[in-house]
Amino acid sequence: MDITLTGIILVICMLLMLTSGIWVALTLTGVAIVGLQLIGNESIGLLLGTSSWGAVTGWSLTALPLFIWMGEILFRTSLSKDLFEGLSPLLSKFPGKLLHVNILSCGIFAAVSGSSAATAATIGRMTLPELSRRGYDDTMSIGTLAGSGTLGLLIPPSIILIVYGVSAEVSIARLFLAGVLPGALLIGLFMAFTTVWTLMQKRAGNSADEAQYTLKEKLFALRRLIPIALLISCVLGSIYQGIATPTEAAAFGVAGSLLLSVVMGSFTLTGFIDSVAGAVKNSCMLGLILVGAHFLTLAMGFIGIPNALAEWIASLGLSPIQLILCLTLFFVVMGCFLDGISVIVLTTSVVLPMVTQANIDLIWFGIFLVLVVEMSQITPPVGFNLFVIQALTGKNILYVAKAALPFFFMIALAIVLITAYPSIVLYLPTLMTS
């Protein structure tokens, strides 16, 4: 059968299975089976068994459930409250005041949770009622949370970066380091936009929020940030200094988060059991998706679709910039209907040969991909962060999407900047190799 016709049939099968509500993992496996049947391969069972074993036995994948567990433990602590109360005095003089707390709290929590949805939900539960009580604009309160909630995908330790690293077979430690500066860039862009918006609205400070803090009170508030700062330093610092692998750093993170929950007085046996159950559930879900993705990648290789597509892209004579532009549009559309991890595992086998052909660095491409997925997290109809915030606020999904729109463009600006200046992404990983 012609490879183009085979590809069209597989795309139709995938869309039908996804729209019918079949799990992403089973859809991936089903499409792979259909593809192998179409080319007459009769070793489907053997290929599924060997690819499944290879997908779940990689040592680098061990970090995934550990980082998920770390996030689950911290999700059940009073961390979000401490972040809010620790940052509020420090940002009291900034135009926008507590809106910046929303952004920075998400950025800090992202550095220990690894999850976009968990970041938005945890911080939102604390900040949105407080911002509303103090008379802040609802649109900006929701917008800053929606935009900065996506930082959980980028700022290490990021679950989605682990999935990409395993799929693309690149160093997870270098991916983590590559995400640090773009994450800081995004936080800076979000805060800059919030400041400009506040000044344009002539709201240098909210009339309902005139609290003044002395230097002593600001320094005293810093103590609330010390535990989380130590945890982040131990996890990321051990990776950066070469003291620990990402898996070992994840183990340190779990131990540190358990200690932190005890020190903060949030540790309970019920919470501990719930955190283990949540980590097992999410890890199994991701593991099943990776099994399906690994099998589909193998099937695509037998069919020859990735190489054929790479050759077709090469024949178009696209420059790397043109290719990146096309892929940005493609991934944003994909992200409108699928969650970020599904987008990565569905497309890696097809897209990476094109990227390699264009001599695009795979570490850089991983960060680019995560940024595009961040955009899709706040894009209807299936922007996961939009649903999380809708559940928190009770607002219409289109209202939440409109509030998040300026931050969508801030992420787009970050993509432009890392494309124009790749060193934003590659500088720290380069230092690690020296």
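Let's shift gears to helix α15 (residues 269-303). Between its first and last C-alpha atoms α15 spans 51 Å; for 35 residues at 1.5 Å apiece the expected length is 51 Å, and the two agree. Immediately beyond the C-terminal end of α15, within one or two residues, lies glycine 304, with a positive phi of roughly 95°.

Attention shifts here to the environment of glutamine 377. Mapped onto the fold, glutamine 377 is located in helix α19 (residues 362-377). Residue class for glutamine 377 comes out buried when judged on its relative accessible area of 5%. Residues glutamine 377 and valine 400 lie 23 residues apart in sequence; the distance between their C-alpha atoms is 12 Å.

In this structure the tally under the stated criterion is ten aromatic pairs. Plain terms: the ring middles of tryptophan 364 and phenylalanine 368 are 5.5 Å apart, the flat faces sit at 5° to each other, and that makes the pair stacked. A residue pair is termed a helical-turn pair when its members lie 3 or 4 positions apart in one helix, as tryptophan 364 and phenylalanine 368 do in helix α19 at four residues. Across the pair, exposure class does not vary: tryptophan 364 and phenylalanine 368 are buried alike. With 5.5 Å between their ring centres and 40° between their planes, phenylalanine 365 and phenylalanine 368 make a pair best called tilted. Of this pair, phenylalanine 365 and phenylalanine 368 both sit in helix α19, separated by three residues, roughly a single helical turn. Each member of the pair, phenylalanine 365 as well as phenylalanine 368, carries the same accessibility label: buried. Lying across the ring of tyrosine 399, lysine 395 places its NZ or CZ 5.1 Å from the centre.

Further remarks concern unusual backbone geometry. Positive phi is not limited to glycine here, since glutamate 169 has a value of about 60°. Along the chain, the position of glutamate 169 falls in the loop between α9 (159-168) and α10 (172-178). With a relative accessible area of 73%, glutamate 169 lands in the exposed category. If you check the backbone angles, asparagine 359 has positive phi at about 60° while not being a glycine.

Okay, the nonpolar core next. The biggest cluster of nonpolar side chains holds 126 residues, and the ones touching the most others in it are Val112, Tyr164, Phe365 and Phe368. Sequence-distant contacts of phenylalanine 368, defined by excluding residues within four places in its chain, comprise Ile324, Leu327, Thr328, Ile415 and Ile418.

Residues at a pLDDT of 70 or more form 91% of the protein chain, whose mean pLDDT is 82. Confidence drops under pLDDT 50 across residues 204-208; counting only partners more than four residues distant or on other chains, this segment forms eleven contacts.

Close contact between α9 and α19 brings their axes to 11 Å; oriented N to C, the two are set at 135°. As far as their axial angle goes, α19 and α9 are oblique. Considering the relative orientation of α9 and α19, their crossing is right-handed. The residues of α19 that touch α9, namely those facing Ile160, Leu161, Tyr164 and Ala168, are Leu362, Phe365, Gly366, Ile367, Leu369, Val370 and Val373. In terms of residue class, the contact of α9 with α19 is made up of ten nonpolar, one polar and no charged.

A separate point is the pattern of salt bridges. This model, assessed by the stated rule, comprises one salt bridge. Between aspartate 138 and lysine 395 there is a salt bridge, with its nearest N and O atoms 3.7 Å apart. Here aspartate 138, found in helix α8 (residues 138-149), pairs with lysine 395, found in the loop between α20 (384-393) and α21 (397-420); they are 257 residues apart in sequence, far enough to count as distant. Looking at aspartate 138, the relative accessible area reads 32%, which means it is partly exposed.

So, about the environment of threonine 57. On the secondary structure map, threonine 57 appears in the loop between α3 (44-56) and α4 (63-75). Each C-alpha atom, one on threonine 57 and one on arginine 174, is 21 Å from the other, the two residues being 117 residues apart in sequence.

So, on to a nonpolar patch on the surface. On the surface, a cluster of nonpolar side chains totalling about 390 Å² of accessible area is made up of Val180, Leu181, Tyr240, Tyr427 and Leu431. Looking at the nonpolar patch, the elements that each hand over two or more residues are α11 (180-200) and α22 (423-433). Along the chain, leucine 181 turns up in helix α11. The partly exposed category is assigned to leucine 181, whose relative accessible area is 32%.

What follows covers the side chain of threonine 144. Relative to the helices and strands, threonine 144 resides in helix α8. What makes threonine 144 buried here is its relative accessible area of 0%. Within the structure, the side chain of threonine 144 is placed 2.9 Å from the side chain of asparagine 102, a separation counted as a polar contact. With residues near it in sequence (within four places) discarded, threonine 144 still touches Leu99, Asn102, Ile103, Gly149, Thr194 and Phe407.

Let's shift gears to the side chain of serine 257. Mapping serine 257 onto the fold places it in helix α14 (residues 246-263). For serine 257, the side chain forms a polar contact with the main-chain oxygen of valine 254, separated by 2.8 Å. When neighbours within four sequence positions are excluded, serine 257 is seen to be in contact with Met70, Ile73, Leu74 and Leu231.

The subject of this paragraph is the packing of helix α7 (residues 116-133) against α8. Closest axis-to-axis distance for the α7/α8 pair is 9 Å, and the angle between their directions is 160°. Between α7 and α8, the crossing angle belongs to the class labelled roughly antiparallel. The crossing of α7 and α8 is right-handed. Across from Ser116, Thr119, Ala120, Ile123, Gly124, Leu128, Leu131 and Ser132 in α7, the residues of α8 making contact are Asp138, Ser141, Ile142, Leu145 and Gly149. Partitioned by chemical class, the residues of the contact of α7 with α8 number six nonpolar, six polar and one charged.

So, how was this worked out
Residues numbered from 1 in each chain as written. Predicted model: local features only at pLDDT ≥ 70, side-chain atom pairs only at ≥ 80, totals over all residues. Heavy atoms only, no water. Helix = DSSP H or I, 4+ residues; strand = E, 2+ residues; numbered from the N terminus. Expected span 1.5 Å × (residues − 1). Buried < 20%, exposed > 50% of the residue type's maximum accessible area, 1.4 Å probe, protein only. Phe/Tyr/Trp six-rings, centres within 6.5 Å; stacked < 30°, edge-to-face > 60°. Lys NZ or Arg CZ within 6 Å of the ring centre and 35° of its normal. Core = buried A, V, L, I, M, F, W, Y, C linked by side-chain atoms within 4.5 Å. Contact = heavy atoms within 4.5 Å. pLDDT = per-residue confidence, 0-100. Axes fitted to C-alpha atoms, helices over the stretch in contact; angles between N-to-C directions. Parallel < 35°, antiparallel > 145°, perpendicular 65-115°, else oblique. Left-handed = near helix turned anticlockwise from the far one by under 90°. Nonpolar A, V, L, I, M, F, W, Y, C, P; charged D, E, K, R; others polar. Salt bridge = Lys/Arg side-chain N within 4 Å of Asp/Glu carboxyl O. Patch = residues over 30% accessible without salt bridge, like charges linked within 9 Å, V, L, I, M, F, W, Y side chains within 5 Å. Areas by Shrake-Rupley, 256 points an atom, 1.4 Å probe, with all protein chains shown as cover. Polar contact = N/O pair within 3.5 Å; in protein donor to acceptor, adjacent residues only side chain to side chain.

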